[in-house]
Every structure is written in structure tokens, then in C-alpha cells.
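Listed below are the residues making up each chain.
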Amino acid sequence: MFKKFIFLEWKSFTRSGAFKMNLFLKIVLGLVAAFYTVMLFFLGVGAFYLLKKKSLEPLSTIDKYLIYWWLLDLTTRYFLQKLPIMRVKPFLTMPLKKGKIVSFLLGKSAISFFNIYPAFFFLPFTIVLMANGYSIIGALSWHFAIVALVYANNYLNLLMDNLDRLFIGVAVVLLSFAGLQYFGYLDITIYAAPVFQAFYHWPAVGFLMLLLPVFLY
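Residues numbered from 1 in each chain as written. Predicted model: local features only at pLDDT ≥ 70, side-chain atom pairs only at ≥ 80, totals over all residues. Heavy atoms only, no water.

## As for the side chain of Asn-154
Thinking step 1. Along the polypeptide, Asn-154 turns up in helix α7 (residues 136-160).
Thinking step 2. The contact partners of Asn-154, leaving out residues within four places of it in the chain, are Arg-77, Gln-81, Ser-109, Ala-110 and Asn-115. (Helix = DSSP H or I, 4+ residues; strand = E, 2+ residues; numbered from the N terminus. Contact = heavy atoms within 4.5 Å.)

Okay, structure coming up:
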């Protein structure tokens, strides 16, 4: 059934009256996305050595600011990530379970660019960590925990659709944390960093994080 859905999605795209314009826009957006992913890849490889050069411990330094990345990623998705849509009207007269259609849409959202781009930074950074003597199990559990947070944001964004109050709450929290830290009143990274460091030091915690996007799904 999922193959049939994919086939129908492709037909809908190619038979659209604005097919050429849609194709052109997708090519342009694809080129822009490719540029940023390449930049992220080199940053992921070089971040370890740049931080070492500045006499900073790479992993703990990255962990300090992951709270901001996580909240900013969720906020950005709200504005830019398109929700998965499907023309379901033709299927309403067919003996199809709604769960199959919903599962297809949720699976479709999983291959969004917003879920793929973090890998171009975190995957090479994780490989560099392991190549420089960090615990392989610890680095992998840390990486999979980050992947879990990426997909958790994906499904949180779907839940927040049309819930402006919830989004405003997240944005206010993000700006409040940034403002308080900038003016020296509160450094939220002191409290958030140990949470992300736990993903490395206690691998069981990192791997258990994979249950979070499953629960949200």
C-alpha cells in the first residue's frame, strides 16, 4: 500500500499544472541545501580540532550549547518545515484504514531535509571523536540521542501545528534563556550541559532516548 501511495504522490507532482515551476524551485532549493550540508560536513570534521586549538574540551563545549540548537531547530521547523500533506479525498470511499494513511504521512515527514541536515554535522563529529580516543560506545550513544532529539522535534512540530500558543511559549523560553545568559543573569548551559553529557557517560541513557520519537510517533 505504501508503494501505491508513493506512486500516486509522484503522479500528483508530475501531472501538476505548475510542474515545471515546482521542479525549478525544488532544484534551486536542492542546490542551496547541498551547499549548507557541505558546509556543515566540514564544520563537523573541523569543530573538534578548532576547539582543541583553543584549549577547549570539544564534546563538553558542544554539549553546552546543544540546548540552544535544539530549541532553535524546533522554532525554525515551525516556520519553514512543510507539514506532510496528501490528497486523501479519493481514498475516503475505499476500504482503507485511516491508520495506514497517517502512518504514510508520518513516514513521509521523517525524510524531511530538517531531519537529514543535522547528520552532516553530528555524524562526522562523532567519527572524529572515536578516532581521537573517545569511547566508541559512549560516542555512539551520544550520537543516537541527538538523532532521537532531531526526530522528536519532527513530531513535536506536527503536534504544534496551529497551536500558536505552544509555539510562542517555546520561542519565549529560547529568547529568555539567550537574553539572561547574554546579560549575565543566568547561564542555562550550566544546567543543560550535564543532560547532554549523560548521553556519553551513561550509554544506556543515550540509547533509551530512541524511545522518545517512537512515543511521539
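So that's the structure; there's more coming.
## So, the layout of surface pockets
Thinking step 1. Empty space within the second largest pocket amounts to approximately 190 Å³.
Thinking step 2. For the lining of the second largest pocket, the elements supplying multiple residues, two or more each, are α2 (19-53), α3 (58-80) and α6 (119-131).
Thinking step 3. A total of five residues in the lining of the second largest pocket trace back to one element, the largest contributor, which is α3.
Thinking step 4. Residue composition of the lining of the second largest pocket, by class: 11 nonpolar, no polar and no charged. (1 Å grid on protein atoms, 1.4 Å probe; cavity = no way out; pocket = protein on both sides within 12 Å on 5 of 7 lines; lining within 4 Å. Points joined across faces, edges and corners; volume = space filled by probe spheres on them. Nonpolar A, V, L, I, M, F, W, Y, C, P; charged D, E, K, R; others polar.)

## Thoughts on the nonpolar core
Thinking step 1. Core analysis: the biggest nonpolar cluster contains 34 residues, and Leu-66, Phe-125, Trp-142, Ile-146 and Phe-196 have the highest contact counts within it.
Thinking step 2. Taken together, the elements giving at least two residues each to this core come down to α2, α3, α6, α7, α8 (164-182) and α9 (189-201).
Thinking step 3. No other element matches α3, which puts eight residues into this core.
Thinking step 4. Each residue touching Ile-146, except ones within four places of it in the same chain, is listed here: Leu-66, Trp-69, Phe-122 and Phe-196. (Core = buried A, V, L, I, M, F, W, Y, C linked by side-chain atoms within 4.5 Å. Buried < 20%, exposed > 50% of the residue type's maximum accessible area, 1.4 Å probe, protein only.)

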